[in-house]
Amino acid sequence: VRMINDLLDLSKIEAGTVRLESKPFAIAELAETVVDNLQGLAREKEISLHAIMMNKTLLVRGDPDKLTQVLTNLIQNACKFTPASGEVRVEVTADESGLAHICVADTGCGIPPEETAHVFEKFYRGTSSHGEARGAGLGLAIAKHFVELHEGRIWVESMPGHGRRFYFTLPV
């Protein structure tokens, strides 16, 4: 079902028919809700999942449903690639230039430098991950499109064996 929904989202994105239901909302509140909703997954994998909100009143203008989908994908991926007793953190901060910064960091396997440039491509599945952890390669491509529709930017910083940090920005 998730793969079918991802394919439908991707086809709407490529056709240019995705519509944002844009409104102002507190991004920290949305992030905390997503973290709370995924606590069961983290407990199942024996992973510590927590949120660090530097500015709980930080408002962004966007589509909460699409951004929930972005955060859910990033956190689920972080949990998938983090071993038991690992940690996943979601951090929300702001900078002086008027951008909200959202980071999903994990203590998982990391991504080799030659793969980081490709992780947001549709159907790309990293070769360094073990078979059962590999997905269809659609979630990060969709996340990238949704962030860019919000006039934001998304990227990853990672080294093998040192976890991953996925960042995205949104205008405040």
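Caption draft 1: The packing of aromatic side chains, seen in detail. Per the stated rule, a full pass over the model turns up 2 aromatic pairs. Judged by centre distance (6.0 Å) and plane angle (85°), the rings of Phe120 and Phe166 are edge-to-face. Remark: Phe166 occurs in strand β7 (residues 164–171) and Phe120 occurs in the loop between α5 (113–116) and α6 (139–149); sequence separation between them is 46 residues. With respect to burial, Phe120 and Phe166 carry one shared label: buried. Taken together, a centroid distance of 5.2 Å and an interplanar angle of 15° make the contact between Trp155 and Tyr167 stacked. Of this pair, Trp155 sits in strand β6 (residues 154–158) while Tyr167 sits in strand β7, and the two are 12 residues apart along the sequence. Take Trp155 and Tyr167: they sit in the same class, and that class is buried.

Caption draft 2: Quick peek at the pattern of salt bridges. What the rule picks out here adds up to 7 salt bridges. For the salt bridge of Lys122 with Glu14, the shortest nitrogen-to-oxygen distance reads 2.3 Å. Of this pair, Lys122 sits in the loop between α5 and α6 while Glu14 sits in helix α1 (residues 2–15), and the two are 108 residues apart along the sequence. The residue Arg89 makes a salt bridge to Glu91 at a minimum N-O spacing of 3.0 Å. With relative accessibility at 18%, the residue Arg89 sits in the buried group. In this structure Glu91 comes out as buried when scored by relative accessible area, which is 17%. Residues joined by salt bridges that share partners form a network here, namely Glu87, Arg89, Glu91 and Arg165.

Caption draft 3: Spotlight on the environment of Lys56. When you line up the elements, Lys56 lands in the loop between β2 (48–53) and β3 (59–62). Residue classification places Lys56 among the exposed residues on the basis of a relative accessible area of 52%. In this structure, the C-alpha to C-alpha distance between Lys56 and Asn77, residues 21 residues apart in sequence, is 25 Å. There is a polar contact of 3.0 Å between the side chain of Lys56 and the side chain of Glu32.

Rules used throughout
- Residues numbered from 1 in each chain as written.
- Predicted model: local features only at pLDDT ≥ 70, side-chain atom pairs only at ≥ 80, totals over all residues.
- Heavy atoms only, no water.
- Phe/Tyr/Trp six-rings, centres within 6.5 Å; stacked < 30°, edge-to-face > 60°.
- Helix = DSSP H or I, 4+ residues; strand = E, 2+ residues; numbered from the N terminus.
- Buried < 20%, exposed > 50% of the residue type's maximum accessible area, 1.4 Å probe, protein only.
- Salt bridge = Lys/Arg side-chain N within 4 Å of Asp/Glu carboxyl O.
- Polar contact = N/O pair within 3.5 Å; in protein donor to acceptor, adjacent residues only side chain to side chain.

These figures capture arrangement, not role.
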